[in-house]
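Per-entry structural report
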Amino acid sequence: MASSISTAVPAPQQAAVSTQDELTQKIPTQPLQVAKRLEKFKTTIFTQMSSLAIKHGAINLGQGFPNFDGPDFVKEAAIQAIRDGKNQYARGYGVPDLNSAVAERFKKDTGLVVDPEKEVTVTSGCTEAIAATMLGLINPGDEVILFAPFYDSYEATLSMAGAKIKCITLRPPDFSIPIDELKSVVSKNTRAILMNTPHNPTGKMFTQEELNAIASLCIENDLLVFSDEVYDKLAFEMDHISIASLPGMYERTVTMNSLGKTFSLTGWKIGWAIAPPHLTWGVRQAHSFLTFATSTPMQFAAATALRAPDSYYEELRRDYVAKKNILVEGLNSVGFTVFPSSGTYFVVVDHTPFGLENDVAFCEYLIKEVGVVAIPTSVFYLNPEEGKNLVRFTFCKDEETLKSAVERMKQKLSKK
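Worth saying up front: this structure is predicted, and the values here are computed from it rather than measured. (Residues numbered from 1 in each chain as written. Predicted model: local features only at pLDDT ≥ 70, side-chain atom pairs only at ≥ 80, totals over all residues. Heavy atoms only, no water.)

1. Let's talk about the sheet that holds strand β12 (residues 375-376)
Keep this limit in mind: The rule for pairing is simple: two strands pair if DSSP sees at least two bridges between them. We count a stretch as a helix when DSSP gives it H or I for four or more residues in a row; a strand needs E for two or more, and each element gets its number in order from the N terminus.
The four strands are arranged β9-β10-β13-β12 in an open sheet whose pairing can be described as antiparallel. Edge positions in the sheet fall to β9 (337-338) and β12, since each of these pairs with one other strand and no more. In terms of strand pairing, β12 meets strand β13 (residues 390-394) through two bridges, oriented antiparallel. Looking at β13, one finds that I375 is bridged to R392.

Here you go:
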């Protein structure tokens, strides 16, 4: 019996392969399919530039992920959680220990006391917190105000929610908020302002005066605020202020944050949204049908991370200030116009001294001819023309990598 089976198997396999080849030859190439609300969005610029970096052996100062690992005490906590059998679905809105740790950290940072059971929702990274907030609280036709340049997922997620986007452009050198212009775009259809401080890609931090102006506008017009604060611990030249902590703002604010930037664990995708119960309801409804739950052992480890002593955050800032200084001094010496960065691990520069027609052309040249990756900022604007003179570098790399990148640019870049 075994012999007859073994001799019978090869023939059908060969025939199947032959038939598949014939079918493949007959099937015409199909156009890529995508819903109309996502037609304008292509492969993200981060994917494109990282692929080019690999192809050309370039040093990647483009995408914002560290090339060094997170702290051992957090990784050990994840390993222990796995060994302890914490490997099945977590409670949808977060394991209780992490919800409590988020609430504790928020109180320490802002003075606000929140209910970890009713006002904290754990998500798969801040990107999912953003998506759950938009999809859970925005209706088709609602207007949402963005500040350009902006993190690229904002526009895509709002498009999926059916929102109408109104945009206020922050301009160099200081990227300050044009308050009068902001006031002028608010209408009866405006539902929310989506903001990010410290700000990606510019490194700007919203000032107390700017936050007060936004808060007054929101209270006067009964607007919500969605505040992305993933870089809150990377504030170098002023203290970070959560807009939720301003008088009258907590009840109208969703504060979104994550583990990845602060603990150099971007691949873990642990995020959260903090909001009063009436807004948390919408966030959780959307979250339930996006991911339902987030990695269980990583949540336990995240709780350990958030209870790190203040000395961890102080050392983090010191390390990043040193990295920032290497990059900023290097970029200045190469000949870029470097704009101030008060927070995040990004620096924006004007590339026009080098004679390329726009930011995309410059970044492609930089990768192929110089061997360094930056991100063209035009992808962060509704009107790409507004960003064509600017590119973004990141300094979340070890010091030797930063020095090597600067050296390559010194050797191979020259002003036109």
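Once the structure has been displayed, the description carries forward.
2. Here we look at the packing of aromatic side chains
To keep it simple, the criterion reads: Two rings from Phe, Tyr or Trp (for Trp, the six-membered ring) form a pair when their centres sit within 6.5 Å of each other. Planes less than 30 degrees apart are called stacked, planes more than 60 degrees apart edge-to-face, and all others tilted. Charge over a ring is defined by NZ of Lys or CZ of Arg lying within 6 Å of the ring centre and within 35 degrees of the ring normal.
All chains considered together, the criterion is met by 19 aromatic pairs. K233 extends its terminal NZ or CZ atom over the ring of Y313, reaching a point 5.5 Å from the ring centre.

3. A short note on the UniProt feature "domain: Aminotransferase class I/classII large" (unreviewed entry) in the protein
Stated formally: UniProt positions are given in the numbering used here, feature names are shortened, and annotations may be inferred rather than shown by experiment.
As recorded in UniProt, the sites labelled "domain: Aminotransferase class I/classII large" (unreviewed entry) are residues 59-408. Taken as a whole, residues 59-408 contains 42% helix and 16% strand, while its terminal C-alpha atoms sit 9 Å from one another.

4. Some remarks on unusual backbone geometry
Put simply, the test is: Burial here depends on accessible area, computed with a 1.4 Å probe over protein chains only, as a share of the maximum for the residue type. Under 20% is buried, over 50% is exposed, and the range in between is partly exposed.
Residues A148 and P149 are joined by a peptide bond in cis, for which omega reads 5°. As for its position among the elements, P149 is in the loop between β3 (143-148) and α7 (152-161). The amide bond that connects N200 to the next residue, P201, takes the cis arrangement and shows omega of 15°. Note on placement: P201 falls in the loop between β5 (190-196) and α9 (208-221). Notably, D222 is not glycine yet its phi reads approximately 55°, a positive angle. Note that D222 resides in the loop between α9 and β6 (224-228). Looking at D222, the relative accessible area reads 60%, which means it is exposed.

5. So, a negative patch on the surface
This is how it is decided: Patches draw on residues past 30% relative accessible area with no salt bridge. Two like charges within 9 Å are joined, as are two nonpolar side chains (Val, Leu, Ile, Met, Phe, Trp, Tyr) within 5 Å. Areas reported here follow the Shrake-Rupley algorithm with a probe of radius 1.4 Å; residue values treat only the protein chains shown as occluding. A side-chain nitrogen of Lys or Arg and a carboxyl oxygen of Asp or Glu constitute a salt bridge if their distance falls within 4 Å. For the purpose of counting charges, residues Lys and Arg are taken to be positive, whereas Asp and Glu are taken to be negative. His and the chain ends are not included. Lysine's charge is taken at NZ, arginine's at CZ, aspartate's at CG and glutamate's at CD.
A surface patch of negative charge is lined by E315, D319, E399 and E400. Of all elements in the fold, only α13 (310-334) and α15 (399-412) reach the threshold of two or more residues within the negative patch. Inspection of the secondary structure puts E399 in helix α15.

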